[in-house]
Amino acid sequence: KIVSVVDPLTGDTVLRSPASGAGPSGVYVYESRPDSRLKHSIYAELKHSFGRPVLHVAYRFMTDDWGIDSHTADARLRWPIGAAFFVEPRLRYYMQNEADFYRSSLRADEPLPQYASSDFRLGSFDAVTAGVKLGATTSRGNEWSARLEYYMQSGDVPSGQIIGNQARREQYPDLNALIVQFGYKFRM
């Protein structure tokens, strides 16, 4: 993983001199992360039965020594259909702030920091997952399921890191994904 080195006024990537015929045309440095990461989290969950339907609600707060704090809220309602089938709608929300050493780019006129990464997974972003799962229990007590979910992620780069022309460019493109999952649980 690399971090681009940019002009301190324009925000444009500094071009390599002389330019090589292969690889990136700009100046870059390899990212550097701390060798260890200490995480702490608090998790709470509530399950409540409304007769046969069961509501599952969960919340998790996570913090680490990289400066990332995240919040996750998840809700599912398992609704039985007949004796064997069920449908389970789900909604999940996730939010995190960026790591202390997250940098979308590095200025050419500043010394290299000890740690720097432009990995979007260490940036500030929000994500929503909405979907539904359909499944059934077999006569032997096993369970098959099919899940269809839509994932939407949007993030941003801290305004203090945006330089010159970068303000006119998409710094953290949105991510949308359709997820299809099939599962089978064996009863032991």
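Keep in mind that this is a model prediction, so the values were computed, not measured.

S.K.: Which residues make up the overall build of the protein chain, and what are the values?
M.R.: For the protein chain, the helix and strand inventory stands at zero helices and 10 strands. When the helices and strands of the protein chain are read in sequence order from the N terminus, they spell out β-β-β-β-β-β-β-β-β-β. What you see for the protein chain is a C-alpha radius of gyration of 23 Å, clearly larger than the 16 Å of a compact globule of 188 residues, by over 25%. Each principal axis of the C-alpha distribution contributes one length, and for the protein chain these read about 70 × 35 × 35 Å. Classification of the 188 residues of the protein chain by burial places 28% in the buried group. If you take every contact in the protein chain between residues at least 6 apart in sequence, the share linking residues at least 24 apart comes to 58%. In the form shown here, the protein chain has an accessible surface area of approximately 11,900 Å², with 57% of it arising from carbon and sulfur atoms. Across the protein chain, the centroid of the 22 positively charged side chains sits 12 Å from that of the 21 negatively charged ones.

S.K.: Just give me the short version of the nonpolar core, but keep the residues and values in it.
M.R.: Core analysis: the largest hydrophobic core is formed by 13 residues, its most contacted members being Ala 99, Tyr 102, Leu 122 and Phe 125. Once you skip the residues sitting within four places of it in the chain, Phe 125 turns out to touch Tyr 94, Met 95, Gln 96, Phe 120, Tyr 151, Gln 153, Ser 154, Gly 155 and Tyr 172.

S.K.: Residue-level account of the pattern of salt bridges, with values.
M.R.: Applying the stated criterion to the full structure yields 14 salt bridges. The closest approach of N and O atoms between Asp 119 and Arg 33, which form a salt bridge, is 2.6 Å. Of the two residues, Asp 119 is situated in the loop between β7 (106-107) and β8 (124-137) and Arg 33 in the loop between β2 (28-30) and β3 (39-49); the sequence distance between them amounts to 86 residues. Asp 74 is paired through a salt bridge with Arg 90; the nearest N and O atoms lie 3.1 Å apart. Of the two residues, Asp 74 sits in strand β5 (residues 69-81) while Arg 90 sits in strand β6 (residues 85-96), which places them 16 residues apart along the sequence. Arg 90 carries the same exposure label as Asp 74, and that label is buried.

Reading the values: the criteria
- Residues numbered from 1 in each chain as written.
- Predicted model: local features only at pLDDT ≥ 70, side-chain atom pairs only at ≥ 80, totals over all residues.
- Heavy atoms only, no water.
- Helix = DSSP H or I, 4+ residues; strand = E, 2+ residues; numbered from the N terminus.
- Rg over C-alpha atoms; globule rule 2.2 N^0.38 Å.
- Buried < 20%, exposed > 50% of the residue type's maximum accessible area, 1.4 Å probe, protein only.
- Contact = heavy atoms within 4.5 Å.
- Areas by Shrake-Rupley, 256 points an atom, 1.4 Å probe, with all protein chains shown as cover.
- Lys, Arg positive; Asp, Glu negative; His and termini not counted.
- Charge placed at Lys NZ, Arg CZ, Asp CG, Glu CD.
- Core = buried A, V, L, I, M, F, W, Y, C linked by side-chain atoms within 4.5 Å.
- Salt bridge = Lys/Arg side-chain N within 4 Å of Asp/Glu carboxyl O.

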